[in-house]
Amino acid sequence: MNELIDQFRAMYRRDPEIIVHAPGRVNLIGEHVDYNDGPVLPAAINKEVTLIAAATADATLSLHALDLDQKISLTLEKLEQKTSTDGTPIPKWAYYPAGVAWALQQAGLSTKGADVIYTSDVPIGAGLSSSAAVEVAFGLLWSQLGGWHIERLDLAQICQRAENKYVGVSSGLMDQFASACGVEGHALYFDTRTLFWEPTPLPDNISIIIADSGVRRSLSDSAYNQRREACEQAVKLLQQYKPGISSLRDISSTEFMALSPYLPDEVRHRAEHVVKEIARVESARNALHSADIKIFGALMYASHISLRDLYEVSTTELDTLVEIAREIPGCFGARLTGAGFGGCTVNIVDQDFVKVFVRELTSGYKQLTGRAANVYECLPSKGVWVEETGL
Ligand code: GLA
């Protein structure tokens, strides 16, 4: 941390005033349902964005993204233009902080000028919500600098708006929610329709293992948006048979199976994933409440197969990771996590088998794909926080 403070001083020739941390997340189950009013079960993780900042007297936001080794300045008074102070278009990475400032302003909240440096150990494009962590960190930064307070969930919604309207990805609320509301040692059951949420303890004897396939998401924004459109189309078509529904959350699995012959193939596959995944999350929540980790794991495998075959967001590498994992003793469940199209799998593993699991998954993956997987345990962590340093 001292090193980061020194970097801040070297860059801005002044002392920082505040340090904010915001975690990435892993989703245990409930994939591609958060934009269909469905429930999800993510956890914030011990990989995070760290941001160091001090307020400025004017409306200039100076950003230094340490990991990219890039800097820009922009004025917070002309965010719509998406240009930096020298008139050039701002780079994509700066859309996230700029978008949060824009969304806060839309909500009538103040965004003070600031000098900021930030770094992150949440891998980019790996399905662990690196961008939501940046958004939420900046959201809390502005609340601290402006002396205003809003609920964590409201902050998450503002950050989602930044992503939807400023960055241009029609994502749901899960990632920003998990980064804002994480609870140490717990998964989070979150109903994206009612916004009810509760921390759900995980059994003591299991570990959450992330396996990074090393393949980064590509073309994901457009493919993601297309998935969302297919779901909307399914709702429109199904309304002819069940008027009054407003999302796929309103259709039970049984009703869906009766009505599915009326849908065109692709739309039917996408919708079937969503309807059944929503039911799986409810079963997974019950399984956690009764500490039945075998059932929980079986639901994870089923979720992966559905994402592979019906939603078509998996990759050969992710499928390979899941197939190897299920043969390793002590593994209860495995599936891709996040949007897909590359990135990571999440695995629930008996604590006594973690070492063996990491070793076998890494070597098996290397053997079958020639690629190096990064396999590691992650800990469910607390949501965005301000470091009390006495700065
Ligand atoms: C991305 C989005 C989330 C969610 C997942 C898929 O992470 O940001 O809102 O839709 O994909 O479950």
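Residues numbered from 1 in each chain as written. Predicted model: local features only at pLDDT ≥ 70, side-chain atom pairs only at ≥ 80, totals over all residues. Heavy atoms only, no water.

Let's shift gears to helix 4 (residues 152-167). Its 16 residues give helix 4 an end-to-end C-alpha distance of 21 Å, which sits within 8% of 22 Å, the value for a rise of 1.5 Å per residue. Within the sequence span of helix 4, burial applies to Leu-153, Leu-155, Ala-156, Ile-158, Cys-159, Gln-160, Ala-162, Glu-163, Tyr-166 and Val-167. Elements in contact with the buried residues of helix 4: helix 2 (95-106), helix 3 (130-146), helix 5 (174-181), strand 6 (186-191) and strand 7 (197-201). (Helix = DSSP H or I, 4+ residues; strand = E, 2+ residues; numbered from the N terminus. Expected span 1.5 Å × (residues − 1). Buried < 20%, exposed > 50% of the residue type's maximum accessible area, 1.4 Å probe, protein only. Contact = heavy atoms within 4.5 Å.)

Taken domain by domain, the protein comprises domain 1 (2-201 + 381-386) and domain 2 (208-232 + 274-378). Measuring from the centre of the C-alpha atoms in domain 1 to the corresponding centre in domain 2 gives 25 Å. Every contact between the two is made by 36 residues of domain 1 and, on the other side, 39 residues of domain 2. A buried area of about 3000 Å², summed over both sides, lies between domain 1 and domain 2, and 64% of it is on carbon and sulfur atoms. In terms of surface lost to domain 2, no three residues of domain 1 exceed Leu-28, Ile-29 and His-32, which account for 21% of the buried area on that side. Counting the contacts that link domain 1 with domain 2 gives two salt bridges. Listing elements by their share of the side of domain 1 that touches domain 2, those giving two or more residues are strand 1 (18-29), strand 2 (39-55) and strand 7. Counting residues per element, the side of domain 1 that touches domain 2 draws most heavily on strand 2, which supplies six residues. (Domains from an automatic or database assignment. Buried area = accessible area lost by both parts, 1.4 Å probe. Salt bridge = Lys/Arg side-chain N within 4 Å of Asp/Glu carboxyl O.)

Within this structure, the stated rule accounts for 21 salt bridges. Two residues, Asp-175 and Arg-25, come together in a salt bridge whose shortest N-O distance is 2.8 Å. You can see Asp-175 sitting in helix 5 and its partner Arg-25 sitting in strand 1, a full 150 residues away along the chain. On the basis of relative accessible area, Arg-25 is assigned to the buried category, the value being 2%. Note that Glu-255 is salt-bridged to Lys-242, the shortest N-O span being 3.2 Å. With a gap of 13 residues between them, Glu-255 in helix 7 (residues 253-259) and Lys-242 in the loop between helix 6 (220-239) and helix 7 connect regions that are remote in the sequence. The class of Glu-255 is partly exposed, set by a relative accessible area of 29%.

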